[in-house]
Amino acid sequence: MTNFLSFNDVTDLDALIQEGLNAKHDPFADQALGRNKTIGLIFFNSSLRTRLSTQKAAQNLGMNVMVMNVGQDSWGLEMEEGIVMNADKAEHVREAAAVIGRYCDVIGIRAFAELKDREKDYSEQVLNQFKKYAGVPIVNLESATRHPLQSLADCITIEEFRVRKRPKIVLTWLPHFKPLPQAVANSFCEWMNHRDVELVVTHPEGYELAPEFVGSARVTHNQNEAFEGADFIYGKNWSSYRQYGQVLTQDPSWMVTMEKMRLTDNGKFMHCLPVRRNMKVTDEVLDSPRSLVVEEAANREWSAQAVLKEILKAI
Ligand code: AN0
Ligand code: CP
């Protein structure tokens with residue numbers, strides 16, 4: 001693996017999940033692999049889990065880690081080609097990526113969707129500009145359209161907790177007052193479309209995800225019907241893709257409650273975090289044994305370690 005931008009960079013998903021589980025059981029087995037190698041983690045947006053778990057995973061592999069917040073620690077970065085740089089961005093990605101690529105053997109990038117211009121967001125400009133100019137492998141730490149390290153951690157978590165060979169998994173939209181990206185939901189669908197699962201997506205009208213991500217999932221606007229018999233409820237808020245970046249409803253009846261969880265077949269609740277309690281899901285669900293959110297976040301370390309190991313083997 002030379003880059004980890006999306007599911008397309010995975011050659012064998014079962015093997016990658018197994019690699020994550022192996023790392024979990026024996027975290028320091030590959031400490032020699034990353035010796036004298038450096039990863040730079042570049043953040044255009046906030047993070048708790050991605051920042052700490054990727055740093056920890058790299059250290060488990062013996063790597064050196066540098067972390068930078070763009071625009072706070074560094075100069076603001078211009079992504080457009082051929083423009084007169086007379087606005088607020090002091091440095092162009094052409095130089096910035098090339099320079100970071102001279103200091104680092106691998107670069108991780110977090111750059112969320114801006115939710116203003118759909119075409120621009122879905123072109124993955126930031127990720128692609130870094131890929132073009134850095135000259136070293138790039139790892140997606142959540143880009144405009146995808147969050148593949150999260151999706152791999154989700155696959156590992158489902159593998160650990162499934163009781164059925166082919167579990168029923170429901171991705172449900174949750175209410176929120178701020179527009180959030182579609183990346184986590186897109187990615188979750190993209191990866192689940194490659195697993196042997198029954199995938200159902202439920203959301204209010206107007207929240208349809210891009211068809212290339214939904215794949216063969218069944219889509220319904222009836223959340224209760226979707227929950228029936230489910231093994232896993234995967235909650236996430238996202239803003240509208242069709243009316244791009246807009247919040248069309250904050251309907252509180254979409255919040256996940258224990259009453260709704262009782263419709264499932266002893267189903268578990270998953271969420272990538274951060275989650276707003278009693279807006280998206282109740283305290284009762286989050287504080288019950290049905291909630292896997294901390295286990296899921298813990299698995300971010302092992303998903304990052306599996307991916308970094310594959311990249312280190314290739315460089
Ligand atoms: C981000 C999102 O929805 O993409 C990050 C999730 C991992 N969440 C928020 O901004 C709250
Ligand atoms: N789930 C996730 O990526 O969390 P952070 O935004 O805190 O990194």
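Residues numbered from 1 in each chain as written. Chains lettered and ligands numbered in written order. Predicted model: local features only at pLDDT ≥ 70, side-chain atom pairs only at ≥ 80, totals over all residues. Heavy atoms only, no water.

Caption draft 1: Spotlight on the side chain of glutamine 305. With respect to the helices, strands and loops of the structure, glutamine 305 is situated in helix α12 (residues 293-314). Using a relative accessible area of 3% as the deciding quantity, one classes glutamine 305 as buried. (Helix = DSSP H or I, 4+ residues; strand = E, 2+ residues; numbered from the N terminus. Buried < 20%, exposed > 50% of the residue type's maximum accessible area, 1.4 Å probe, protein only.)

Caption draft 2: View of the site of ligand 1. All residues in the neighbourhood of ligand 1 are listed as Phe112, Glu142, His147, Leu180, Pro181, Lys236, Cys272, Leu273 and Pro274. Note that an oxygen atom of ligand 1 is positioned 2.5 Å from one of the side-chain N or O atoms of glutamate 142. At a separation of 2.7 Å, an oxygen atom of ligand 1 approaches a polar side-chain atom of lysine 236. Here ligand 1 loses 82% of its free accessible area of 330 Å² to cover by the protein chains. In the shell around ligand 1, the residues fall into 6 nonpolar, 1 polar and 2 charged. (Near = heavy atom within 4 Å. Polar contact = N/O pair within 3.5 Å; in protein donor to acceptor, adjacent residues only side chain to side chain. Areas by Shrake-Rupley, 256 points an atom, 1.4 Å probe, with all protein chains shown as cover. Nonpolar A, V, L, I, M, F, W, Y, C, P; charged D, E, K, R; others polar.)

Caption draft 3: The site of ligand 2, seen in detail. Surrounding ligand 2, one finds Ser47, Leu48, Arg49, Thr50, Arg110, His147, Gln150, Cys272, Leu273 and Arg300. Here serine 47 contributes a side-chain N or O atom positioned 2.7 Å from an oxygen atom of ligand 2. One of the backbone nitrogen or oxygen atoms of cysteine 272 is found 2.9 Å away from a nitrogen atom of ligand 2. Taken together, the residues of the shell around ligand 2 sort by class into 3 nonpolar, 4 polar and 3 charged. Shared between two domains, the shell around ligand 2 takes at least three residues from each, and those domains are domain 1 (7-146 + 299-314) and domain 2 (150-297). (Domains from an automatic or database assignment.)

Caption draft 4: View of the packing of helix α1 (residues 13-25) against α12. Here α1 crosses α12 at 110°, and the two axes come no closer than 8 Å. When the axes of α1 and α12 are compared, the pair comes out roughly perpendicular. Crossing angle aside, the handedness with which α1 passes α12 is right-handed. Only Glu295, Asn299, Trp302, Gln305, Ala306, Val307, Lys309 and Glu310 of α12 make contact with α1, whose side of the interface consists of Leu16, Glu19, Gly20, Ala23 and Lys24. Each residue belonging to the contact of α1 with α12 can be placed in one class, and the counts come to 5 nonpolar, 3 polar and 5 charged. (Axes fitted to C-alpha atoms, helices over the stretch in contact; angles between N-to-C directions. Parallel < 35°, antiparallel > 145°, perpendicular 65-115°, else oblique. Left-handed = near helix turned anticlockwise from the far one by under 90°. Contact = heavy atoms within 4.5 Å.)

Caption draft 5: Inspection of the packing of aromatic side chains at higher detail. Across all of its chains, the model carries 9 aromatic pairs by this definition. Look at phenylalanine 7 and tryptophan 191: their rings are 5.1 Å apart centre to centre, the planes differ by 85°, and that puts the pair in the edge-to-face class. Separated by 184 residues along the polypeptide, phenylalanine 7 in the segment before α1 and tryptophan 191 in helix α7 (residues 183-192) bring together distant segments of the chain. Taking relative accessible area as the criterion, phenylalanine 7 reaches 10% and is therefore assigned buried. Looking at tryptophan 191, the relative accessible area reads 0%, which means it is buried. Ring-pair connections join several aromatic residues into one group, and the members of that group are Tyr122, Phe213, Tyr241 and Tyr244. (Phe/Tyr/Trp six-rings, centres within 6.5 Å; stacked < 30°, edge-to-face > 60°.)

Caption draft 6: Region of the structure containing the pattern of salt bridges. Using the criterion set out here, one finds 20 salt bridges in the structure. We note a salt bridge from aspartate 231 to arginine 164, for which the minimum N-O separation is 3.0 Å. Residue aspartate 231 is located in the loop between α9 (223-227) and β10 (232-236), and its partner arginine 164 is located in the loop between α6 (148-161) and β7 (168-173); the two are separated by 67 residues in the primary sequence. One salt bridge connects aspartate 283 with arginine 277, and the closest N-O pair in it is separated by 2.9 Å. Assessed through its relative accessible area of 31%, aspartate 283 is described here as partly exposed. (Salt bridge = Lys/Arg side-chain N within 4 Å of Asp/Glu carboxyl O.)

Caption draft 7: Focus on the domain arrangement of the protein. In terms of domains, the protein is made up of domain 1 (7-146 + 299-314) and domain 2 (150-297). Averaged C-alpha coordinates put domain 1 and domain 2 at centres separated by 25 Å. Each side of the interface is counted separately: domain 1 has 28 residues, and domain 2 has 33 residues. A buried area of about 2600 Å², summed over both sides, lies between domain 1 and domain 2, and 62% of it is on carbon and sulfur atoms. Contact with domain 2 buries area across many residues of domain 1, yet Phe7, Leu115 and Asn299 alone supply 26% of it, more than any other trio. The interface formed by domain 1 and domain 2 holds 3 salt bridges in total. Two residues, glutamate 190 and arginine 146, come together in a salt bridge whose shortest N-O distance is 2.9 Å. Run the count over domain 1 and domain 2 and you get 16 residue pairs in polar contact (both at pLDDT 80 or more). Elements with a minimum of two residues in the side of domain 1 that touches domain 2: α1, α4 (118-122) and α12. Considering each element in turn, the side of domain 1 that touches domain 2 owes the most residues, 7 residues, to α1. (Buried area = accessible area lost by both parts, 1.4 Å probe.)

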